[in-house]
Number of protein chains: 2
Amino acid sequence: MITDTLNYEFLALKSCTYLNTPATGLVSKEAREEQQNYLRNFDRQGSTYIDELEYPFKSDLKNKIATYFGCHFGQIGLVPSFSAGINYLLSGLYSLESVAYLKTDYPSLTLPLSLGTYNSIEIAPNEDGFYSEEKIITQCVETGVRFLFLSHVQYNSGQKLDIEFIGAKLKAHEIFIIVDSTQSAGNSDFNFSKSNISCAIMSCYKWLNAGFGSGIILAKESFLSALDIKTGGFTAVLWKENSNTVDRGLAQLQPGHVAPFALTGLSSALDMHLKLKESNAHLIGKNLLSQFFESFPQIENIVGNPDNDSYANFCCIRDKERKLSGKLTNKNIVHTYRNGVVRLGFHFYNTEEDVEILINAISS
Amino acid sequence: MITDTLNYEFLALKSCTYLNTPATGLVSKEAREEQQNYLRNFDRQGSTYIDELEYPFKSDLKNKIATYFGCHFGQIGLVPSFSAGINYLLSGLYSLESVAYLKTDYPSLTLPLSLGTYNSIEIAPNEDGFYSEEKIITQCVETGVRFLFLSHVQYNSGQKLDIEFIGAKLKAHEIFIIVDSTQSAGNSDFNFSKSNISCAIMSCYKWLNAGFGSGIILAKESFLSALDIKTGGFTAVLWKENSNTVDRGLAQLQPGHVAPFALTGLSSALDMHLKLKESNAHLIGKNLLSQFFESFPQIENIVGNPDNDSYANFCCIRDKERKLSGKLTNKNIVHTYRNGVVRLGFHFYNTEEDVEILINAISS
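About the cut-offs
- Each chain carries its own residue numbering, running from 1 in the written order of its sequence.
- Labels are handed out in written order, letters beginning with A for the chains and numbers beginning with 1 for the ligands.
- Only residues with pLDDT of 70 or above have their local features reported here, since the model is predicted, and side-chain atom pairs are shown and tallied only from 80 upward, although totals for entire chains, interfaces and linings are computed over all residues.
- Side-chain measures were taken over the full set of non-hydrogen atoms in the model, leaving aside hydrogen atoms and water.
- Strands are runs of DSSP state E lasting at least 2 residues, helices are runs of H or I lasting at least 4, and numbering of each runs from the N terminus.
- Only the C-alpha atoms count toward the radius of gyration. The rule for a globule is 2.2 Å times the residue count to the power 0.38.
- Burial status follows relative accessibility: with a 1.4 Å probe on protein chains alone, a residue under 20% of its type maximum counts as buried, one over 50% as exposed, and anything between as partly exposed.
- Contact criterion: two residues are considered in contact whenever any of their non-hydrogen atoms come within 4.5 Å of each other.
- Here, Shrake-Rupley sampling with a 1.4 Å probe gives the accessible areas, and only protein chains in the shown set may cover a residue.
- Grouping buried Ala, Val, Leu, Ile, Met, Phe, Trp, Tyr and Cys residues that are joined through side-chain atoms within 4.5 Å yields what is termed a nonpolar core.
- Whenever Lys or Arg places a side-chain nitrogen within 4 Å of a carboxyl oxygen from Asp or Glu, that contact is recorded as a salt bridge.
- Two parts lose some accessible area (1.4 Å probe) when they are put together, and adding that loss for both gives the buried area.
- Throughout this entry, Asp, Glu, Lys and Arg are counted as charged residues, while Ala, Val, Leu, Ile, Met, Phe, Trp, Tyr, Cys and Pro are counted as nonpolar. The remaining residues, Gly among them, count as polar.
- Here a polar contact means two N or O atoms within 3.5 Å. Within protein one must be a hydrogen donor candidate and the other an acceptor candidate, and residues neighboring in sequence count only if both atoms are side-chain atoms.
- Count a disulfide wherever a pair of cysteine sulfur atoms falls within 2.5 Å.
- An expected span of 1.5 Å times one less than the residue number is assigned to each helix.
- Regarding the arc, it is the one traced by the directions from the helix axis to the C-beta atoms.
- Note on pairing: DSSP must find at least two bridges between two strands before they are called paired.
- Segmentation of the chain into domains, including their bounds, is taken from an automatic or database domain assignment.
- Least squares is the method used to superpose the copies, on C-alpha atoms of residues holding a pLDDT of at least 70 in both.
- Helix axes are fitted only over the stretch in contact, all axes being lines through C-alpha atoms; the angle between N-to-C directions runs from 0 to 180 degrees.
- Our angle categories are set so that under 35 degrees counts as roughly parallel, over 145 as roughly antiparallel, 65 to 115 as roughly perpendicular, and the remainder as oblique.
- Left-handed describes a crossing whose near helix is turned anticlockwise from the far helix through less than a right angle; right-handed describes the clockwise counterpart.

Looking at an unreviewed UniProt entry, chain A carries the name Aminotransferase class V-fold PLP-dependent enzyme, with the source organism given as Luteibaculum oceani.

The structure is reproduced here in structure tokens:
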């Protein structure tokens, strides 16, 4: 097991078959130890520790983020969640701005877009629930939208969109692409600088295994300068004795504290993910999904197209009468059931044995 | 000591004189134990524990908030911080809306207001740095603003504004009052239902002693229905199989997860504050501040007017050359120094001995 090789321990794996990382990722014992260390120091020193920690800790954290995502230090913002980031960001779009998004994408992304006063284009999926990259590109170009919002990996199918391809094709049309990376960061390869993605926002409690309370914004300068961001807080204040001034841009997208406890969890989780990436172990889940597809008898019930290689490392299975979900629950296989669909995800801490347990439960 | 009577322990008090609660409050050992319990359960069960916890835990937490602030269950929203709350809220104001705020109020409140496209009225303080409630009322009425934003307690003077009085006077003029309670919640009396305050937003890491990562929004129905809130996330989604609908209003002000670890800290801290309130111990800090004023030799250096009874439980002292701050640091008295001013705060866990140590340090 990769977790043994790397010396990381996940307690929940001892008592269940955990296939619910698309909902909530597990946190390693090692990350908890770093968080405990933070708590001990804070409780002994209070604000003194926060003041000492602030600058070196955040610099170190941003360096890890820069290495992991292939971006520059100055392109990184820290927020409590994806939702915080996207809602702050949308304050910067003018009303009546033209935006495109995917009709069945995650509501945390589509809801604030649909509530705005934008000129919106909803892009529809194919009949199988998957999206065609070509169709996304064509619709964006033909309608002349200025912003395209989409999740790298779709929460209700597991489809991983080829955002590098979409980015390359839309480059000449000067369309800004904003990506929700919550379902891809930690299980996929992505290089921010090399891509034509203007902005990536993510929560870190799923595949990055950071626990709740931390999120990341990556944003390019050209994109930020096209916005008129209205949000802000103390991080955007340049304190002066007589009158403060405003640090415009990325600083405005980070109003309010992000809990140091949560950021400590993220920092430790990134250490682990940097090691996983070195040995390509972040792609283990994808191989386990392929193994599952090979043995699963009701392949026609899988949302999307299993012959197509565009899944990340989870899938959704139609289960209107909740029979499959019931079987899994009986065998202590943790999963999500929502809207008549079972969702199953495989992460680096899952094993071939987990897939066998799953297949046996389904056949029972 | 009240902490002995109530059986709460704050480790930092053993190694320093902690007068920096206006910056960051201490967290009790007892709150940490509840948080450790959460971590143990999450690490053993992952998402299963989150699913089980979600509803009963948040109901219980909201009941405590309702009791503490005198409001209804349905008027309570949970956010990661004050800044998150105010920025989400401002998405609901129309551009060109008329707003008033205090010129020297905390930048986390004034910055997003000044960055908006509102018709803004800045209300100036008196020469001593304090604000006159009468002047605030007059300026709001004369300029006919629709929204007044102000902090209950001013971060850079310690002045506690009489928001009940301001609210009563502005009631007939149909002006909505939005209060930042970050510097008052946990050290002051306030009853939301009895007041004419439309909305109170706060971070809970200062006087409420909850640690970082939690914030509260209290909002009245009449106020929410006057807004057109644009923010939203999964908490505002009413999941339906074929098409989701939107839970308009307060649910839209709570996009994204608030970390359960942080909410557990808040829940435990509220248990403590409910007990403190029963014995009026939440007002201990105010008495310690009065004791300090009586013994402090350079009373003329205090910002505001020490003859006036309108301080909460902290004060600011002019110290251009950082002499006073240096003396305090030498004696291990934790405080804030910013813009030529020393800030000192007294909370229920401080004692008369702390005031004596402070006076001795100043006289050294």
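For chain A, the count of helices and strands is 12 helices and 14 strands. The C-alpha atoms of chain A give 21 Å as radius of gyration, which agrees with the globular expectation for 364 residues (21 Å, within 12%). In terms of overall dimensions, chain A has a C-alpha envelope of 75 × 60 × 35 Å along the principal axes. The buried share of chain A, taken over its 364 residues, is 62%. Of the contacts made within chain A by residues no fewer than 6 positions apart, 66% connect residues no fewer than 24 positions apart. A total of about 13700 Å² of accessible surface is found on chain A, and carbon and sulfur atoms cover 47% of it.

General note: in soluble globular proteins, nonpolar side chains tend to be found buried as a group. In this structure, A:Phe69, A:Leu148, B:Phe69 and B:Leu148 are the most contacted members of the largest nonpolar core, which totals 110 residues. What B:Phe69 contacts, discounting residues up to four positions off in sequence, is B:Ala185, B:Phe190, B:Asn191, B:Phe192, B:Met202, B:Leu208, B:Ile216 and B:Leu218. Grouped together as the second largest cluster of nonpolar side chains are 56 residues, A:Phe149, A:Phe176, A:Ile217 and A:Leu227 included.

Before going further, it helps to examine the pattern of salt bridges. Oppositely charged side chains may form a pair once their charged atoms are brought near each other. All names here are of chain B. On inspection of all chains with the given rule, the structure shows 24 salt bridges over all chains. For Lys14, the salt bridge is made with Glu9, and the minimal N-O distance between the two is 3.0 Å. For Glu9, a relative accessible area of 25% translates into the label partly exposed. When the shortest N-O distance is used, the salt bridge between Lys103 and Glu122 registers 3.5 Å. Of this pair, Lys103 sits in the loop between strand E3 (98–102) and helix H5 (107–115) while Glu122 sits in strand E4 (residues 119–123), placing them 19 residues apart in sequence.

Turning next to the interface of chain A and chain B. The interface of chain A with chain B comprises 63 residues on the first partner and 63 residues on the second. Roughly 5000 Å² of surface becomes buried between chain A and chain B when both sides are summed, with 62% attributable to carbon and sulfur atoms. Broken down residue by residue, the surface that chain A buries against chain B is led by A:Leu115, A:Phe212 and A:Trp239, which jointly contribute 13%. There are 2 salt bridges connecting chain A and chain B. Within the residue set of the side of chain A that touches chain B, elements represented by two or more residues are helix H2 (29–45), helix H3 (47–69), helix H4 (82–90), helix H5 (107–115) and helix H9 (260–278) of chain A. Here the side of chain A that touches chain B takes 8 residues from H2(A), the largest share from any one element. Taken together, the residues of the side of chain A that touches chain B break down into 30 nonpolar, 24 polar and 9 charged.

It is worth spelling out the side chain of B:Ser47 at this point. Relative to the elements of secondary structure, B:Ser47 occurs in helix H3 (residues 47–69). Among the polar contacts listed, one links the side chain of B:Ser47 to the side chain of A:Asn20, at a separation of 2.8 Å. If sequence neighbours within four positions are ignored, B:Ser47 has contacts with A:Tyr18, A:Asn20, A:Thr24, A:Val334 and B:Phe42.

In this section: the state of the cysteines. Residues and elements named next belong to chain B. Per the counting criterion, the structure on display carries 0 disulfides over all chains. As a non-bridged cysteine, Cys140 has Cys199 as the owner of its nearest cysteine sulfur, 16 Å distant. Residue classification places Cys140 among the buried positions, given a relative accessible area of 0%. Here Cys315 is not disulfide-linked; the sulfur of Cys316 is the nearest cysteine sulfur, at 6.7 Å.

Residue and element names in this part refer to chain A. Taking 1.5 Å per residue, 12 residues should reach 16 Å; helix H12 (residues 352–363) reaches 17 Å between its end C-alpha atoms and fits that length. Residues of H12 that are buried: Asp354, Val355, Leu358, Ile359, Ala361 and Ile362. The arc enclosing the buried residues of H12, seen along the axis, measures out at 160°, which places them on a common side. Away from the buried face of H12 by more than 90 degrees, exposed residues Glu352, Glu353, Asn360 and Ser363 are located. Buried residues along H12 sit in contact with strand E1 (17–18), helix H10 (284–295), helix H11 (323–330), strand E12 (333–334) and strand E14 (341–345).

Let's shift gears to the pairing of strand E8 (residues 215–219) of chain A. Residue and element names in this part refer to chain A. A large share of E8 lies buried, amounting to 5 of its 5 residues. Alternating positions in E8 separate into two faces, Gly215, Ile217 and Ala219 on one and Ile216 and Leu218 on the other, with burial throughout. One ladder, built from 4 bridges, connects strand E2 (residues 76–79) with E8; its direction is antiparallel. Counted as the bridge partner of Gly77 is Ile217 from E8. Bridge count for strand E7 (residues 199–203) against E8 is 5 bridges, and the pairing is antiparallel. In the sheet register, Ser203 faces E8, and the bridge partner there is Gly215.

Most of the time, phi is negative for any residue but glycine, and the peptide bond is trans. Residues and elements named next belong to chain B. The phi dihedral of Leu96 falls on the positive side, at around 70°, and the residue is not glycine. With respect to the helices, strands and loops of the structure, Leu96 is situated in the loop between helix H4 (82–90) and E3. For Leu96, a relative accessible area of 58% corresponds to the exposed category. Positive phi values are uncommon outside glycine, yet Asn339 reaches one of about 55°. Considering the arrangement of structural elements, one finds Asn339 in the loop between strand E13 (336–338) and strand E14 (341–345).

Bringing the domain arrangement of chain A into the picture now. Frequently, the measure chosen for interface size is the accessible area removed from exposure when the parts meet. Residues and elements named next belong to chain A. Each domain of chain A was delimited in the assignment, giving domain 1 (2–27 + 281–363) and domain 2 (36–276). On a C-alpha basis, the centroid separation for the pair domain 1 and domain 2 is 27 Å. In total, domain 1 and domain 2 occlude about 2400 Å² of area from one another, counting both sides; carbon and sulfur atoms represent 59% of this. It is Tyr8, His282 and Phe314 that lose the most area in domain 1 upon contact with domain 2, and together they represent 23% of the buried surface on that side. In this assembly, domain 1 and domain 2 are joined by 15 residue pairs in polar contact (both at pLDDT 80 or more). Contributions of two or more residues to the side of domain 1 that touches domain 2 are made by helix H1 (2–6), strand E11 (314–318) and E14.

Between chain A and chain B, which share one sequence, the superposing operator has a rotation angle of 180° and an axial displacement of 0.0 Å; the RMSD is 0.0 Å. Look at the turn and shift together and you get a two-fold axis relating the two. Most of the interface of chain A is mirrored in chain B: 100% of its interface residues are interface residues there too.

The next point concerns the sheet that holds E11(A). Residue and element names in this part refer to chain A. If you walk across this open sheet you meet the 3 strands as E11-E14-E13, and the pairing is antiparallel. Two strands bound the open sheet, and with one partner strand each, they are E11 and strand E13 (336–338). Across the sheet, the axes of successive neighbouring strands diverge by a mean angle of 25°, strand direction being ignored. In this sheet, E14 lies alongside E11 in antiparallel orientation, the contact comprising 5 bridges. Across the sheet, Cys316 pairs through a bridge with Arg343, a residue of E14.

We now examine the packing of H3(A) against H9(A). All names here are of chain A. Packing of H3 against H9 brings their axes to within 10 Å, and their N-to-C directions diverge by 30°. Taken together, H3 and H9 sit at an angle that is classed as roughly parallel. Judged by the twist between their axes, the crossing of H3 over H9 is left-handed. Contact with H3, carried on its side by Ile50, Leu53, Phe57, Lys58, Asp60, Leu61, Lys64, Ile65, Thr67 and Tyr68, involves Pro260, Leu263, Thr264, Leu266, Ser267, Leu270, Asp271, His273, Leu274 and Lys277 of H9 and no other residues of that element.

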